[in-house]
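Chain by chain, the residues run as shown.
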Amino acid sequence: MKTIYTINNIARKGAMSGLLFLSVMGLSSCNYLDFDQSTGYDSQAEVFEQFERAESSLNQVYTYLEHDFGSIGGGMRDCAIDDAHYVWSNSEVHTFNNGNWSAIHTVDDDWSSNYQGIRAANLFIESMEQADFERYKWNSDYETWVEKSQYWVSEARFLRSLFLFELARRYGDIPMPVDKLYTVDDVNTLGKTPFQDVIAYIAKECEEIAGVLPNSYNDVAGKQTGRITKGAALALRSRALLYAASPLFSEDNQQKWIDAAKAAKAVMDLNIYQLVNEEVVNNLSSKELILERRMASSCDFEKKNFPISFDKGNTGTCPSQNLVDAFQTKNGYDVTLTENGFESDDPNFDNQKPYTDRDPRFYKTVLYDGAIFKNVQLDCSEGGAEGLPTVGASETGYYLKKYVMESVDLSPVEKPAIHCWVLFRYAEVLLNYAEAMNNAYGPEQLGGDFTETALAALNKVRTRYGMPAITSAEVPTKEAFQEKLEREKRVEFAFENQRFWDLRRWKKGSEISKGIDGVKIVRDGSNSVYTRIKVENRTWNDKMYLYPIPMSELLKNNNLYPQNAGWN
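Residues numbered from 1 in each chain as written. Predicted model: local features only at pLDDT ≥ 70, side-chain atom pairs only at ≥ 80, totals over all residues. Heavy atoms only, no water.

Draft legend 1. Spotlight on the packing of aromatic side chains. Using the criterion set out here, one finds 38 aromatic pairs in the structure. With a centroid separation of 3.7 Å and an interplanar angle of 5 degrees, the aromatic rings of phenylalanine 195 and phenylalanine 249 are classed as stacked. Linking phenylalanine 195 in helix 8 (residues 195-210) with phenylalanine 249 in the loop between helix 9 (230-245) and helix 10 (254-268), this pair joins segments that are 54 residues apart in sequence. On the basis of relative accessibility, which here comes to 4%, the residue phenylalanine 195 falls in the buried class. Judged by its relative accessible area of 16%, phenylalanine 249 is buried. Taken together, the ring pairs in this structure connect Phe96, Trp101, Trp111, Tyr115, Tyr171, Phe500, Trp501, Tyr547 and Trp567 into an aromatic cluster. The ring of tryptophan 145 is capped by lysine 148, whose NZ or CZ atom sits 4.4 Å from the centre of that ring. When the ring centre of tryptophan 567 is taken as origin, the NZ or CZ atom of lysine 543, which lies over that ring, is 4.3 Å away. (Phe/Tyr/Trp six-rings, centres within 6.5 Å; stacked < 30°, edge-to-face > 60°. Helix = DSSP H or I, 4+ residues; strand = E, 2+ residues; numbered from the N terminus. Buried < 20%, exposed > 50% of the residue type's maximum accessible area, 1.4 Å probe, protein only. Lys NZ or Arg CZ within 6 Å of the ring centre and 35° of its normal.)

The structure is reproduced here in C-alpha cells:
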C-alpha cells in the first residue's frame, strides 16, 4: 500500500504547545514527504479541528518564502551579476561567476525548498478541505476564527503559485504537482509542464484568489499584517505574465505584452498603493509595500556587510563601479569613471566631489568614500580605514547600504533588529506596466482600454525622487525606451533580487561577461585621484539563462529529461 501525506510532528503540551509544524526538513527535492503517521491524534482531520493548529500550519508554509539576505554563499544575488563583487574568495558565489557550476555541482538551485513549499501548501489545502470545525461553534471565539480562516486556502494557493514561479524562472519547464497530494512513487513519474503553461496556471490561480482575498486585514478579526492580500495575488500575476512575454520565453508577441500590461493595470486600479520617497525596505508601514518576507530579529546581515573597519564588520557584498555609473546626477546627467577620473556633462558637477548631488536613490543603496555611516566618515582610499590593502576591505571602493540597518549595534553588546525582505512593491508594478506597454504599443502610444502611456508610468517612478522626467525626445523608439527602463529598474531595485532575473529574461547575459569594475582612490594632498580599475572577470555562457536540473533529480525521474540546453 502506498503511503500518502499525513501530518507529522504535532507539537504537544510544553514549550511548543498549540503549534503544528510540517515535517519538511532534511528531505530532498522530488522525494515527496512520506510523513510519519504516529501523530498522537486520532486523525488528520482531528488536528485541523483546532483553529490555532491549522493557522500555525499555514504559517509554516509562509516560511518557504524566499529572501536574499546572502543567498549564495553569503553573497546577495547581485554578486552574481554586474552590480556587485563578493569580497571573500571562499564563497560559493565565485563558483557561480567562474562558470564551474553544473547539474552535479548546483548553486542557488532551490529545487528542493520550493517543492517542499509546494507540498506543504498542498497538504494544508487538502487538510482544510477535510477539516470540520463544527464542534467549536458554541465557543466564544468561533465566529472570530471562522472570519480569519475564510482566507487561508487562498493564501496557501498563492504561496504554491509563488513557489512554482520561483522554479519556473530558474528551470523553465518544470513538473507541476498541484492537483492532488502525490505519493513518493507517483511524483517521481511526473513529466515537465511547459513554461508557458506553468505561467498560465499561476495567472489563473492568482486571478481567482484575488477575487476572494481582502485588500488588507484591517477589517478582519485579528487585524493581522504580513498576510497575502488581493494586491499580492495581482502583483504576482503581473510579474508572471511579464516573464511570459519576455524574450527568453517568447518571440515578440504583442498579445502577451498586452496581457502583461493588463495584469499590472489591475494592481494600479486598486488605488491602495502609493509611491513614496522614503525607504521601503525594512519599513512595514510603507504605503508602497505589497508583500514582504519577515525575518526573525537578527544582526547577521550587518555582520556580513558592515564596512571592514567596524567591529565585527565583514564587508561581504560590495557594489560595483558598473552600478554606481548607472546613478545620474540629480539633474539627470550621466557620470562616468574613466582612467582619468570622473566625468560628466552636468555643468554643476565637481570631479573632486563625484558623489555629491547624485540621484537620491544612490544614497539609499551605496556607501562611498566620504559617506557618513554610524557617525563615522568612511575613508575608502588606499591606506584609509575602509580601503585596501586592509584584508577584507572592499575591492570595488564601495560598501553596501541597501538593507543594512545602521541602527544595529554589533559591539560591545549585539543589538539585533527585525529585517523584512521586499517581495513585491508598487514601483515594480508601474515599471512592469511601462515595459509591457512599450513592447505592445510604444513609448507614448495607447491601445485598447489603456489610459496611461509607458513613458508616463516610468516617469512616475523616476520623478517621485525629484529626478527630471525623461522626455519624448529621449525615447523616440521602443528600443530607446527599453534602454531607459532597464537603467531605471537597475537603480530602483539594486540589491532587491530583480536585475539578476531581468538580465536573463531580457537575454542580456553579455552584460555580466563585462566583469566587475571598481574605483581606486589615492589622496594627493587635499585632492583625490580617482581611477577605474578591473576587479573581477566573469564567465558567461548562454546556457546560464536557465539553471540545470539537478542530476540527483534526473536520476530519480527519467521524465525530467531532456536536461536544459547546454547542461548535459
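Still to come is the rest of the account.
Draft legend 2. Representation of the packing of helix 14 (residues 426-440) against helix 15 (residues 454-463). Where helix 14 meets helix 15, the closest approach of the two axes is 8 Å, and the angle between their N-to-C directions is 155 degrees. Taken together, the axes of helix 14 and helix 15 lie roughly antiparallel to each other. In terms of crossing hand, the pair formed by helix 14 and helix 15 is left-handed. Facing helix 14, whose interface residues are Ala427, Leu430, Leu431, Tyr433, Ala434, Met437 and Asn438, helix 15 presents Ala454, Ala457, Leu458, Lys460 and Val461. The class makeup of the residues in the contact of helix 14 with helix 15 is 10 nonpolar, one polar and one charged. (Axes fitted to C-alpha atoms, helices over the stretch in contact; angles between N-to-C directions. Parallel < 35°, antiparallel > 145°, perpendicular 65-115°, else oblique. Left-handed = near helix turned anticlockwise from the far one by under 90°. Contact = heavy atoms within 4.5 Å. Nonpolar A, V, L, I, M, F, W, Y, C, P; charged D, E, K, R; others polar.)

Draft legend 3. Spatial organisation of helix 2 (residues 51-62). In a regular helix each residue adds 1.5 Å, so 12 residues correspond to 16 Å; helix 2 covers 17 Å between its end C-alpha atoms and thus fits that length. Most of helix 2 sits inside the fold, with 10 of its 12 residues counted as buried. Of all the residues in helix 2, the buried ones are Phe51, Arg53, Ala54, Glu55, Ser56, Ser57, Leu58, Gln60, Val61 and Tyr62. (Expected span 1.5 Å × (residues − 1).)

Draft legend 4. Molecular detail of the pattern of salt bridges. Per the counting criterion, the structure on display carries 53 salt bridges. With a shortest N-O distance of 2.8 Å, aspartate 369 and arginine 523 are connected by a salt bridge. With aspartate 369 in the loop between strand 6 (366-367) and strand 7 (372-373) and arginine 523 in strand 11 (residues 516-524), this pair connects stretches of sequence that are 154 residues apart. Judged by relative accessible area, arginine 523 falls into the partly exposed class, the value being 37%. Measuring nitrogen to oxygen at the nearest pair gives 3.0 Å for the salt bridge that ties aspartate 379 to arginine 523. Of the two residues, aspartate 379 is situated in the loop between strand 8 (376-377) and strand 9 (399-400) and arginine 523 in strand 11; the sequence distance between them amounts to 144 residues. With relative accessibility at 25%, the residue aspartate 379 sits in the partly exposed group. Look at the salt bridges and you will find they share partners, linking Glu288, Asp359, Arg361, Lys402, Arg425, Arg462, Arg464, Glu488, Glu492 and Glu496 into a network. (Salt bridge = Lys/Arg side-chain N within 4 Å of Asp/Glu carboxyl O.)

Draft legend 5. Quick peek at unusual backbone geometry. The omega torsion across leucine 388 and proline 389 is 10 degrees, close enough to zero to call that bond cis. Within the secondary structure, proline 389 is located in the loop between strand 8 and strand 9. The step from serine 411 to proline 412 runs through a cis peptide bond, and the omega angle for that step is 0 degrees. Backbone geometry at lysine 374 places phi at a positive 50 degrees, although glycine is not the residue there. Note that lysine 374 resides in the loop between strand 7 and strand 8. Its relative accessible area of 23% is what places lysine 374 among the partly exposed residues. Even without glycine at this site, asparagine 497 takes up a positive phi of about 65 degrees.

Draft legend 6. Focus on empty space enclosed by the protein. For the structure on display, the rule yields five cavities of 30 Å³ or more. In this structure, the largest cavity encloses a volume near 120 Å³. The wall of the largest cavity is formed by 17 residues, among which Arg169, Arg239, Leu423, Asn497 and Gln498 lie closest to the centre. Of all the secondary-structure elements, those providing two or more residues to the lining of the largest cavity are helix 6 (152-171), helix 9, strand 10 (420-425), helix 14 and helix 17 (499-505). Looking at the lining of the largest cavity residue by residue, the classes come out as five nonpolar, three polar and nine charged. Of the volumes computed, that of the second largest cavity is approximately 80 Å³. Going through the elements one at a time, helix 13 (360-365) and helix 16 (478-492) are the ones with two or more residues in the lining of the second largest cavity. Of all the elements, helix 13 adds the most residues to the lining of the second largest cavity, at three residues. (1 Å grid on protein atoms, 1.4 Å probe; cavity = no way out; pocket = protein on both sides within 12 Å on 5 of 7 lines; lining within 4 Å. Points joined across faces, edges and corners; volume = space filled by probe spheres on them.)

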